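Each chain is listed here by its residues.
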Amino acid sequence: MKIRQILAAAVMAASPVLAWSASGAEQLRDFVKSVQSASGSFSQQATDRQGAGKPAQTGEFSFQRPGKFKWDVRKPYEQLIISDGQRLYQYDPDLAQVTERNVDQSIGASPAAILFGSGAIEDAFELQDLPPRDGLEWLRAKPRSADAGFTHVEIGFKDSMPQRIDLLDSFGQTTRISLTGIRANPKLDAATFTFTPPAGVDVVKMQ
């Protein structure tokens with residue numbers, strides 16, 4: 001799965017001070033202002049145009065603005081995506097390979113910019129409130145950049161907390177991410193976001 005799809009888990013927590021009546025876009029804006037860190041669990045699954053799904057992935061996440069995050073897939077196989085705010089690493093134990101790249105190049109106008117960035121959301125995304133469905137308040141974020149790699153991302157909120165992220169990429173594949181056990185603004189140790197490639201693995205540095 002591509003990094004930009006995985007990073008759609010961007011928007012992993014939201015502010016607990018919002019009223020239930022707030023729209024999805026209003027809750028997202030408040031989230032960017034109010035939530036500086038978060039942690040929790042996720043499950044994600046991708047389906048193609050025909051609706052065929054890949055095995056679901058589950059794991060744990062944490063983030064701290066600006067640009068620090070950890071997306072730790074535990075099942076059905078291990079994969080780690082982690083950033084110290086400057087460099088982003090993707091570690092695949094089964095391949096014994098680490099891919100390293102600049103955070104700005106990796107995130108850019110991806111959905112992760114909503115989570116990890118500190119600028120105005122509307123600079124990178126066009127926001128649109130959607131009708132409620134599945135018991136959630138929804139918004140759609142469409143990238144202003146033509147080379148973002150995805151068409152749009154939809155985020156569903158309940159009780160001012162994001163519950164689901166649906167991302168449609170440029171190839172017609174949909175990635176659905178469900179978030180649970182979210183803790184907003186926990187105190188996270190700096191070591192949470194440090195990574196040293198294990199001995200013996202190939203390190204590929206992307207420009």
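Scoring rules and cut-offs
Residues numbered from 1 in each chain as written. Predicted model: local features only at pLDDT ≥ 70, side-chain atom pairs only at ≥ 80, totals over all residues. Heavy atoms only, no water. Helix = DSSP H or I, 4+ residues; strand = E, 2+ residues; numbered from the N terminus. Buried < 20%, exposed > 50% of the residue type's maximum accessible area, 1.4 Å probe, protein only. Contact = heavy atoms within 4.5 Å. Pairing = 2+ DSSP bridges. Salt bridge = Lys/Arg side-chain N within 4 Å of Asp/Glu carboxyl O. pLDDT = per-residue confidence, 0-100. Axes fitted to C-alpha atoms, helices over the stretch in contact; angles between N-to-C directions.

Caption draft 1: Just the overall build of the protein chain, in detail. Per the secondary structure count, the protein chain includes four helices and 12 strands. Residue burial in the protein chain is summarised as follows: out of 207 residues, 49% are buried. A sequence separation of at least 24 residues applies to 51% of the contacts in the protein chain between residues at least 6 apart.

Caption draft 2: Representation of the pairing of strand β6 (residues 97-102) within the structure. Examined bridge by bridge, strand β5 (residues 87-92) and β6 share six bridges and lie antiparallel to one another. Paired with Y89 across the two strands is E100, which belongs to β6. With antiparallel pairing between neighbouring strands as the criterion, β5 and β6 make up a hairpin whose turn holds four residues, including A96 at a positive phi of roughly 55°.

Caption draft 3: Representation of the pattern of salt bridges in the model. Per the stated rule, a full pass over the model turns up eight salt bridges. In this structure, the salt-bridge partner of D166 is R133, at a minimum N-O distance of 3.8 Å. In this pair, D166 sits in strand β10 (residues 161-169) while R133 sits in strand β7 (residues 125-133), placing the two residues 33 residues apart along the sequence. What makes D166 buried here is its relative accessible area of 8%. Residues joined by salt bridges that share partners form a network here, namely R133, D134, R140, E154, R164, D166 and R176.

Caption draft 4: A look at unusual backbone geometry. For the bond running from R65 to P66, omega is -10°, close enough to zero to count as cis. Structurally, P66 can be placed in the loop between β2 (57-64) and β3 (68-75). Residue P76 is bonded to the preceding K75 through a cis peptide linkage, with omega at 0°. With respect to the element layout, P76 can be found in the loop between β3 and β4 (79-84).

Caption draft 5: Summary view of the environment of A46. Note that A46 resides in strand β1 (residues 37-47). As a C-alpha pair, A46 and D166 span 120 residues in sequence and 9.6 Å in three-dimensional space.

Caption draft 6: Highlighting the confidence of the model for the protein chain. Per-residue confidence for the protein chain gives a mean pLDDT of 82, with 82% of residues at or over 70. By mean pLDDT, the top-scoring element of the protein chain is strand β12 (residues 202-205) (95), and the lowest-scoring one is helix α1 (residues 3-6) (54).

Caption draft 7: Layout of the sheet that holds β3. One open sheet holds the 12 strands; their spatial order is β7-β8-β9-β10-β11-β1-β2-β3-β4-β5-β6-β12, and the pairing between them is mixed. For this open sheet the edge positions go to β7 and β12, each flanked by a neighbour on one side alone. In this sheet, neighbouring strand axes are inclined to one another by 20° on average, regardless of whether the strands run parallel or antiparallel. Two strands pair when backbone bridges link them, and β6 and β12 are joined in this way by four bridges, in the parallel orientation. Each residue of the ladder has a partner; that of E100, found in β12, is K205. Helix-sheet contacts for helix α2 (residues 24-34) involve β2, β7, β8 (136-143), β9 (150-158) and β10, and the interaxial angle to β8 is about 70°.

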